[in-house]
Amino acid sequence: MDKAQDIAHNATENNSKSFVEVYDIYFDKVNRYLRYRVRNTWDADDLTAQVFTKAFENFHQCRNPEKAGAWIFRIAHTTYVDYLRKRRDHLPLDEHALLADKREQPEETALADEEIIELKRCMEQLSQEQRDVLLLRYFGDLKYQHIAQVLGKKDSTVKTMGYRALQRLRTLWHKQGEVD
């Protein structure tokens, strides 16, 4: 192997190692984000696979490892939007997709299920942009600066949207509690 081939081989090997690290860090977060966005967990898993296939194929474009999260979630968001365009009939979340842990007590499970359903109803009353910010922040575990990159907005705009979305969600949650 000549020197150029050796350098190319090492670069490819380093990229593969870097991609594996990115995959390990973001796979669960992307999958959780997509499971919230689509009704069918099978579809969410398929979309997650599509996201990481696209990411692998284009990993050479991710120049800054510190921004890999924003880069991955931009791919995830775009993949989700493409999915919606193909379906045209956006269906709500499967109510049990968010329950990551198995509870021992049926009463606990029932209460948690009801809370998730109510939270989802409150979330549906937010604007699409507000939902995007909250989902990327709390399901995707992204910082506001990375959310801004994903959504193509300024950091300050995203922070304001997040603040207002949380305020609105808090108000809606308290109102739904008073109705019950």
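One structure accompanies this document, and this report is about it. What you see is a predicted model, and the numbers here were worked out from it, not measured in a lab.

On to the packing of aromatic side chains, then. All chains considered together, the criterion is met by 10 aromatic pairs. Each ring, one from Phe 19 and one from Tyr 23, has its centre 6.4 Å from the other, and the planes form 40°; the classification is tilted. Taken together, the residues span about one helical turn, with Phe 19 and Tyr 23 both in helix α1 (residues 3-37) at a distance of 4 residues. Classification of Phe 19 as buried rests on a relative accessible area of 9%.

Further remarks concern the side chain of Thr 79. You can see Thr 79 is positioned in helix α3 (residues 68-87). With relative accessibility at 1%, the residue Thr 79 sits in the buried group. A distance of 2.7 Å separates a polar atom in the side chain of Thr 79 from the backbone oxygen of Ile 75. If we skip the residues at most four places from it in the chain, Thr 79 touches Leu 47, Gln 50, Val 51 and Lys 54.

All right, on to α3 then. Every α-helix carries 3.6 residues per turn, so stepping three or four residues along brings you back to the same face. Taking 1.5 Å of rise per residue, the 20 residues of α3 would be expected to cover 28 Å, and the 28 Å separating its terminal C-alpha atoms lies within 8% of that figure. All of the buried residues along α3 are Ala 68, Gly 69, Ala 70, Trp 71, Ile 72, Phe 73, Ile 75, Ala 76, His 77, Thr 79, Tyr 80 and Tyr 83.

With 12 residues, helix α5 (residues 128-139) ought to run about 16 Å at 1.5 Å a step, and its terminal C-alpha atoms sit 15 Å apart, in line with that. What α5 keeps buried is the set Gln 130, Arg 131, Asp 132, Val 133, Leu 134, Leu 135, Leu 136 and Phe 139. Immediately downstream of α5, the backbone of Asp 141 shows phi near 60°, a positive value.

With that settled, the discussion passes to the pattern of salt bridges. Per the stated rule, a full pass over the model turns up 6 salt bridges. One salt bridge connects Arg 35 with Asp 45, and the closest N-O pair in it is separated by 2.8 Å. Of this pair, Arg 35 sits in helix α1 while Asp 45 sits in helix α2 (residues 41-57); the two residues are 10 residues apart in sequence, bridging distant segments of the chain. In this structure Asp 45 comes out as partly exposed when scored by relative accessible area, which is 29%. Across the salt bridge formed by Asp 82 and Arg 85, the nearest N and O atoms sit 3.4 Å from each other.

The rules behind these values
- Residues numbered from 1 in each chain as written.
- Predicted model: local features only at pLDDT ≥ 70, side-chain atom pairs only at ≥ 80, totals over all residues.
- Heavy atoms only, no water.
- Phe/Tyr/Trp six-rings, centres within 6.5 Å; stacked < 30°, edge-to-face > 60°.
- Helix = DSSP H or I, 4+ residues; strand = E, 2+ residues; numbered from the N terminus.
- Buried < 20%, exposed > 50% of the residue type's maximum accessible area, 1.4 Å probe, protein only.
- Polar contact = N/O pair within 3.5 Å; in protein donor to acceptor, adjacent residues only side chain to side chain.
- Contact = heavy atoms within 4.5 Å.
- Expected span 1.5 Å × (residues − 1).
- Salt bridge = Lys/Arg side-chain N within 4 Å of Asp/Glu carboxyl O.

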